[in-house]
Amino acid sequence: MTSDFFKRIETQYNHKLPFVVYRKPNEHQVNALLQETNDLHFTSDFSEKGFVFSPFDAAEETVLIPLEGAKSIHANAIASETISNLLKKKRSHINENLKEKEQHINLIKKGVEAISNKQFKKVVLSRQETVTISDPNPIAILKNLLNTYASAFVYCWYHPKVGLWLGATPETLIKIEGNQFSIMALAGTQDYKDTLDVVWQDKEKQEQQFVTDFIIDNLKPVVESFKVSDVETVKAGNLLHLKTMISARLKSESNLREIISVLHPTPAVCGLPKQDTKQFILDNEHYDRTFYTGFLGELNMETKLQSRSAKRNIENRAYTIKRKSTRLYVNLRCMQLKNAEAIIYVGGGITKHSNPESEWEETVSKSLVIKHVL
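### A look at the sheet that holds strand β7 (residues 122–132)
- Read across the open sheet, the nine strands follow the order β6-β2-β1-β8-β9-β18-β19-β7-β15; overall the sheet is antiparallel. The sheet is open, and its two borders are formed by β6 (70–76) and β15 (271–272), each paired with just one other strand.
- In this structure, strand β8 (residues 153–159) lies alongside strand β9 (residues 163–169), joined through seven bridges in antiparallel fashion. Each residue of the ladder has a partner; that of Tyr158, found in β9, is Leu164.
- Running at roughly 10 degrees to β9, helix α3 (residues 138–148) makes contact with β1 (19–23), β2 (29–35), β8, β9 and β18 (334–338) of the sheet.
- Relative to the sheet, helix α6 (residues 274–284) contacts β7 and β15, its axis offset from that of β7 by approximately 35 degrees.

Now the structure itself:
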C-alpha cells in the first residue's frame, strides 16, 4: 500500500540512511532505492548500476546509490489532491528581495556585456533564494510535488554525508535503451496563460537553437545517425518552454562516460562555448551551485519489454526482453532542505537579446514552481 511505502521512506530518513524516491514523467509508479548502509559511493566510469546524483561541475565526483546493497521498492502514485490550485496563487503574494534583485540584474548585465564583447554566445546565470518553511518534512513536500507535476521527473534524494534535495525537473539529459538514445533540447521560457498557442521572441528561439546545435555537433563522433523533431511548445508547471527531441543510434564502440562528458553541462544550463561560460559562471555567480544544473537518474538499470515472437511461431506467444536502460535528467526546479529552510535554485539563459529586468522576472516565475509546494 502507498502509506506503507512512504512509512518505509520516513523510517529510512529517521535512521539517517541514504535513499532516493522518484517518479518518471507521465508515469504512475513511484520508485525508491533504500541504501542499507550510510557509506558514500561514487561512480568510477558510469558502468555501475544504481541511481546517480551528479553536480554541475563535472570536475567533481558523481554520487551513486548502488543497486547492489540497496532495497528497491515501488508503489502506485498517490491520489491527486488540490495542490495544483496553488499554481493560481497571485504574484502579489510573492515578496521580492530588492537586494537579490539588484545583484541578479547586475550579474545579467555583466553577462550581456561579455556576449557583446564576443567572449561567448550564450551564458546561463542563476541565483539561490532561501525560504523559511513551517513544516520541513521532506516526505510531505515530496507528496505535494508528485501531486502537482505529473509531467516532470519528481524526486527526493538524501544522503547524510551530502544533503537532502527535492525537485520536479522538466528536462531529460539523456535516455538510453540498448544502443538507442534520445536527448531533449529545452530552452526559452514564458509564463503559461491557459494556452500553448504563443509567440516566441528571437531571444528564446536563438537560445533553443544553440542547445540543439550543440548536442548535434558534439555527438556526431559517437553516433551513426540523427533524427531531429520539429520545435514544439511544451508546458512545465506554470511555465512554457521550447523543446526539440533528438534521437540516434550509438556506435558500438561508444560508452556512456564519453557521452556524458561531451554533453554535460549543456548550453541549456551552462552556455556556449562550454568551458568559457563555465568559467564565467564560477567567477561571477558568487555561490556554489553544487547539484543544481547537475544531473540525476537511473544508471544501467534493467527494463523489461514485452514483445511478440515471429509470425512463423504458430502460437505467437508474448515474451519478455530485458534491456539495459539509463535515464538521466537535468536537475532543474529543485531545492535543498537544511533544517527549517529551503534553498531554491533558479536561473535563465542569457543572450545578446536579453533584457535584465525580464530575466529577473523569469527567475521569479521559476521559483514559484517550488514555492507552491512548501
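### Here's the deal with the side chain of Glu171
- The residue Glu171 is located in the loop between β9 and β10 (172–177) in this model.
- Buried within the structure, Glu171 lacks any salt-bridge partner; Arg333 is the closest side chain of opposite charge, at an N-O distance of 6.7 Å.
- Setting aside anything within four residues of it in sequence, one finds Glu171 in contact with Met184, Leu186, Ala268, Tyr329, Val330 and Leu332.

### A few points about the nonpolar core
- Ranked by internal contacts, the top residues of the largest apolar core, which has 55 residues, are Tyr155, Ile174, Phe181, Ile215 and Leu219.
- Residue contacts for Tyr155: discarding those within four places in its chain leaves Val21, Tyr22, Phe53, Leu142, Trp165, Leu166, Gly167, Leu296, Asn331 and Cys334.

### A word on helix α4 (residues 202–219)
- The first and last C-alpha atoms of α4 sit 26 Å apart over 18 residues, in line with the 26 Å expected at 1.5 Å per residue.
- Residues Lys203, Glu204, Glu207, Gln208, Phe210, Val211, Thr212, Phe214, Ile215, Ile216 and Leu219 constitute the buried set of α4.

### Focus: the environment of Val199
- Summarising the element assignment, Val199 is placed in the loop between β11 (180–191) and α4.
- By relative accessible area, Val199 is classed as exposed at 64%.
- When the C-alpha atoms of Val199 and Thr233 are compared, they prove to be 9.9 Å apart, with 34 residues separating the residues in sequence.

### Quick word on the packing of α4 against helix α5 (residues 256–263)
- At a closest axis distance of 10 Å, the pairing of α4 and α5 adopts a crossing angle of 140 degrees. The orientation of α4 relative to α5 falls into the category oblique. Helix-helix and strand crossings are classified by hand; for α4 and α5 the assignment is right-handed. Within the contact between the two elements, α4 uses Phe214, Ile215, Asn218 and Leu219 and α5 uses Ile259, Val262 and Leu263.
- Grouping the constituent residues of the contact of α4 with α5 by class yields six nonpolar, one polar and no charged.

### A word on the packing of aromatic side chains
- Taken as a whole and assessed by the stated rule, the structure comprises 19 aromatic pairs.
- Judged by centre distance (5.0 Å) and plane angle (40 degrees), the ring pair of Tyr22 and Phe51 falls under tilted. Within this pair, whereas Tyr22 is found in strand β1, its partner Phe51 is found in strand β4 (residues 50–54), the two being separated by 29 residues in sequence. By the burial criterion, Tyr22 is buried, and Phe51 matches it.

### Brief notes about the confidence of the model for the protein chain
- Summarising the model, the protein chain shows a mean pLDDT of 88, and 89% of its residues fall at 70 or more.
- Here residues 79–93 scores under 50 on pLDDT; set against residues more than four positions off or in separate chains, the count is 20 contacts.
- Here residues 307–319 is modelled with pLDDT under 50, and outside its nearest four sequence neighbours on either side it reaches 14 contacts, counting other chains as well.

### A closer look at the pattern of salt bridges
- In the structure shown here, the tally under the stated rule is 15 salt bridges.
- Linking Arg327 and Glu27 is a salt bridge whose minimum nitrogen-to-oxygen distance equals 3.4 Å. Pair noted here: Arg327 is in strand β17 (residues 318–330) and Glu27 is in the loop between β1 and β2, with a separation of 300 residues, a long-range link.
- Owing to a relative accessible area of 15%, Arg327 belongs among the buried residues under this scheme.

### Points about unusual backbone geometry
- Of the consecutive residues His264 and Pro265, the connecting peptide bond is found in the cis state with omega at -5 degrees.
- Here Pro265 is to be found in the loop between α5 and β15.
- Omega for the peptide link from Leu272 to Pro273 comes to 0 degrees, which places this bond in the cis form.
- Along the polypeptide, Pro273 turns up in the loop between β15 and α6.
- The backbone of Asp194 sits at a positive phi, close to 70 degrees, despite the residue not being glycine.
- You can call Asp194 exposed: its relative accessible area is 70%.
- Its identity is not glycine, yet Arg333 carries a phi of approximately 45 degrees, on the positive side.

Cut-offs applied
Residues numbered from 1 in each chain as written. Predicted model: local features only at pLDDT ≥ 70, side-chain atom pairs only at ≥ 80, totals over all residues. Heavy atoms only, no water. Pairing = 2+ DSSP bridges. Helix = DSSP H or I, 4+ residues; strand = E, 2+ residues; numbered from the N terminus. Contact = heavy atoms within 4.5 Å. Axes fitted to C-alpha atoms, helices over the stretch in contact; angles between N-to-C directions. Buried < 20%, exposed > 50% of the residue type's maximum accessible area, 1.4 Å probe, protein only. Lys, Arg positive; Asp, Glu negative; His and termini not counted. Salt bridge = Lys/Arg side-chain N within 4 Å of Asp/Glu carboxyl O. Core = buried A, V, L, I, M, F, W, Y, C linked by side-chain atoms within 4.5 Å. Expected span 1.5 Å × (residues − 1). Parallel < 35°, antiparallel > 145°, perpendicular 65-115°, else oblique. Left-handed = near helix turned anticlockwise from the far one by under 90°. Nonpolar A, V, L, I, M, F, W, Y, C, P; charged D, E, K, R; others polar. Phe/Tyr/Trp six-rings, centres within 6.5 Å; stacked < 30°, edge-to-face > 60°. pLDDT = per-residue confidence, 0-100.

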